[in-house]
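# Notes for the structure review
Chain residues, written in single-letter form:
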Amino acid sequence: MQAIRIHEFGGPEVMRLEELPDLQPGPGQVAVQLKAVGVNPVDTYIRAGMYPAPPLPFTPGFDGAGEVAAVGPGVKRVAEGQKVYLAGSLSGAYAQQALCEEAHVHPLPLGISFAQGASLGVPYGIAYRALFQRAKALAGETVLIHGASGGVGTAAIQLARAAGLTVIGTGGTPRGRELVSQQGAHQVLDHHAPAYLEEVLKLTTQGRGVEIILEMLANVNLGKDLKVLAPKGRVVVIGSRGTVEIDPRDTMSRDAAILGTSLFNATPQEYAGVHAALAAGLENGTLRPVIGRELPLADAPRAHQQVLEPGAYGKIILRP
Ligand code: NAP
């Protein structure tokens, strides 16, 4: 089988397509023949050596979808030939095959494409965790999804709408903002426009602010976020690419909370909760991942450049 391999940390060019032996599942393991692979910003941080990584050489990637090629002894939840998506693996997802623990693999509901299945693990996982496990979002609250046009943001819009929240979403391009609107945001703002956060206050009852903010770029926005939070508001920091100055008094005056989150901190029980909720939403039609671009697996270096460029539009998918 073919797989992208990283032998040294560095720029996108360190990812090379190589031939590797086919994978054989051991006890409790599942081998998946991948049809689509999801590209996430975290894959680029790991490739660059900025995040904890497996020992070199390794195959990057967490998300994929395909058909079960073989199951090891003791596997009960999936069977050979079944369509599945994976959220994590033992061998890495940028490949034609992935070796998984049984718990990494989830049935792909009817009507969900492989590309959509490969969009679930990290983006929908963190969007669900941020909204419900960290912010404890409640129906009737208003959420500002600060960066709503990408993989996590579109997932968060769909999850929040399905749970009865009012959604304000931001995008940096006209095309991205149109997507945010199509996905169900009640109000859409441009995060590059001057004074757009004043609009957030105007959109809330008596200018009280929003109960929840999901923040994709905290190093740019966190200080300003705290000024548009309602009393007892919560900001969940999902993404950040640097440091930021805040005025702590903005939290005191509101009894506000800044909640960091990483999907990698989820307990097995929390992971199981995430995927049970995703299964329900995929089955009842409220969750439908948006695919912006598809590239062949060999173009992984190009995908890593594109996923960090402005102008996000749903997910970037690799086809093995
Ligand atoms: P993505 O698809 O590239 O989307 C990035 C989003 O950020 C887009 O909506 C983009 O909008 C927006 N953005 C750009 N500049 C912004 C600004 N000044 N203010 C607000 N938003 C801005 O990436 P993703 O997969 O959705 O991930 C989003 C972030 O979350 C990344 O930093 C990622 O590393 C992080 N993340 C963290 C976890 C975790 O476990 N904590 C898990 C998944 C992702 P435009 O391009 O339209 O400007």
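Remember, predicted model here, so these are calculated numbers, not experimental data.

The rules we used
Going along each chain's sequence as written, the residues are numbered from 1 onward. For a predicted model such as this one, the threshold for reporting local features is a pLDDT of at least 70, and the threshold for listing and counting side-chain atom pairs is 80 or more; totals across whole chains, interfaces and linings nevertheless cover every residue. With hydrogens and water stripped out, all remaining heavy atoms of the structure feed into the side-chain values. Patch membership is restricted to residues that have no salt bridge and whose relative accessible area is over 30%. Joining uses 9 Å for like charges and 5 Å for the nonpolar side chains Val, Leu, Ile, Met, Phe, Trp and Tyr. Computed with the Shrake-Rupley method and a 1.4 Å probe, the accessible areas treat only the protein chains shown as cover for residues. When a carboxyl oxygen of Asp or Glu is within 4 Å of a side-chain nitrogen of Lys or Arg, the pair counts as a salt bridge. Only DSSP runs of H or I reaching four residues or more are called helices, and only runs of E reaching two or more are called strands; each is numbered from the N terminus. By convention a nonpolar core is built from buried Ala, Val, Leu, Ile, Met, Phe, Trp, Tyr and Cys residues, the set being connected through side-chain atoms within 4.5 Å. Any residue under 20% of the maximum accessible area for its type is buried, any over 50% is exposed, and the rest in between are partly exposed; the area is computed with a 1.4 Å probe on protein chains only. In this analysis, two residues are considered to be in contact whenever any of their non-hydrogen atoms come within 4.5 Å of each other. We call a residue near a given molecule or strand whenever any one of its heavy atoms falls within 4 Å of it. Polar contact is the term for a pair of N or O atoms within 3.5 Å; when the atoms are in protein, one must be able to donate a hydrogen and the other to accept it, and sequence-neighboring residues count only if both atoms are side-chain atoms. In the scheme used here, Gly and all other residues not listed as nonpolar or charged are polar, with Ala, Val, Leu, Ile, Met, Phe, Trp, Tyr, Cys and Pro taken as nonpolar and Asp, Glu, Lys and Arg as charged. As used throughout, domain bounds are those supplied by an automatic or database domain assignment. How far a helix is expected to stretch is found by multiplying one less than its residue total by 1.5 Å. Put simply, two rings from Phe, Tyr or Trp (the six-membered ring, in Trp's case) pair if the centres are within 6.5 Å, and we call them stacked under 30 degrees between planes, edge-to-face over 60, tilted for the rest. Here the quantity called buried area is the total loss of accessible area, with a 1.4 Å probe, experienced by two parts when brought into contact, counted for both.

### Quick notes on a nonpolar patch on the surface
On the surface, V244, I246 and I258 cluster together into a nonpolar patch covering about 190 Å² of accessible area. Mapped onto the fold, V244 is located in the loop between β12 (229–237) and α8 (249–252).

### A word on the nonpolar core
A general feature of soluble globular proteins is that nonpolar side chains tend to end up buried together. L131, V143, I145, L159, L214 and I238 are the most contacted members of the largest nonpolar core, which totals 44 residues. When residues in this core are grouped by element, the largest group, nine residues, is from helix α3 (residues 120–134). Dropping the residues within four chain positions of it, V143 is found in contact with L131, A160, L165, T166, V167, I168, I212 and L214. Counting residues in each nonpolar core, the second largest holds 30 residues, with V37, V42, L297 and I316 among its members.

### Describing the site of the ligand
Surveying the vicinity of the ligand reveals 28 residues, the closest of which are Y45, S149, G172, H191 and A312. Within the contact set of the ligand, an oxygen atom lies 2.8 Å away from a side-chain nitrogen or oxygen of H191. Between the ligand and R241 there is a distance of 3.5 Å, counted from an oxygen atom to a side-chain nitrogen or oxygen. Protein chains bury 88% of the 920 Å² of accessible surface belonging to the ligand in isolation. Here the shell around the ligand is composed, by residue class, of 13 nonpolar, 14 polar and one charged. When residues are assigned to domains, the shell around the ligand turns out to be shared by domain 1 (2–120 + 289–319) and domain 2 (123–264), each giving three or more.

### Points about helix α4 (residues 151–162)
For α4, built from 12 residues, the straight-helix expectation of 16 Å at 1.5 Å per residue is met to within 8% by its first-to-last C-alpha distance of 17 Å. Extensive coverage of α4 is indicated by the burial of 10 of its 12 residues. Turning to α4, its buried residues number three or more, namely G151, V152, G153, T154, A155, A156, I157, Q158, L159 and A160. Directly after α4, the chain includes G164, whose backbone phi takes a positive value near 85°.

### Digging into the packing of aromatic side chains
Here a ring pair, both rings aromatic, is described through the centre-centre distance and the interplanar angle of the planes. Inspection of the entire model under this criterion finds four aromatic pairs. Geometrically, the ring pair formed by Y45 and Y51 is tilted, given 5.2 Å between the ring centres and 55° between the ring planes. Judged by relative accessible area, Y45 falls into the buried class, the value being 15%. A relative accessible area of 39% places Y51 in the partly exposed class. Their ring planes at 45° and their centres at 5.3 Å tell us that F62 and F264 sit as a pair that is tilted. Within this pair, whereas F62 is found in the loop between α1 (41–47) and β4 (63–71), its partner F264 is found in the loop between β13 (257–260) and α9 (268–284), the two being separated by 202 residues in sequence. For F264, a relative accessible area of 45% translates into the label partly exposed.

### A word on the environment of L282
Looking at where L282 falls in the secondary structure, it is placed in helix α9. Linking L282 and P57, residues 225 residues apart in sequence, is a C-alpha distance of 35 Å. When residues no more than four places from it in sequence are discounted, the contact partners of L282 are P109, I112, L120, L287, R288 and P289.

### Looking at the domain arrangement of the chain
Taken domain by domain, the chain comprises domain 1 (2–120 + 289–319) and domain 2 (123–264). Between domain 1 and domain 2, the residue contacts involve 16 residues of the former and 16 residues of the latter. A combined buried area of about 1200 Å² lies between domain 1 and domain 2, and 60% of that area is made up of carbon and sulfur atoms. By the criterion of area lost to domain 2, the three top residues of domain 1 are L120, V290 and Y313, representing 39% of everything that side buries. Joining domain 1 to domain 2, the criterion identifies four residue pairs in polar contact (both at pLDDT 80 or more). The element contributing the most residues to the side of domain 1 that touches domain 2 is α1, with three residues.

### Digging into the pattern of salt bridges
The tally for this structure, following the rule as stated, stands at nine salt bridges. Among the ionic pairs, K227 bridges to D250, the shortest N-O distance being 2.7 Å. Here K227, found in the loop between α7 (218–225) and β12, pairs with D250, found in helix α8; they are 23 residues apart in sequence, far enough to count as distant. Its relative accessible area of 44% is what places K227 among the partly exposed residues. Under the relative-accessibility criterion, D250 is labelled buried at 10%. Sharing partners across several salt bridges, the network here consists of K227, D250 and R254.

### So, unusual backbone geometry
For the peptide bond that leads from L56 to P57, omega is -10°, which places it in the cis range. Relative to the elements of secondary structure, P57 occurs in the loop between α1 and β4. Phi at Q206 takes a positive value of approximately 50°, unusual for a residue other than glycine. Not every positive phi belongs to a glycine, and D255 is a case in point at roughly 55°. With respect to the secondary-structure elements, D255 resides in the loop between α8 and β13. The exposure class assigned to D255 is exposed, which follows from its relative accessible area of 56%.

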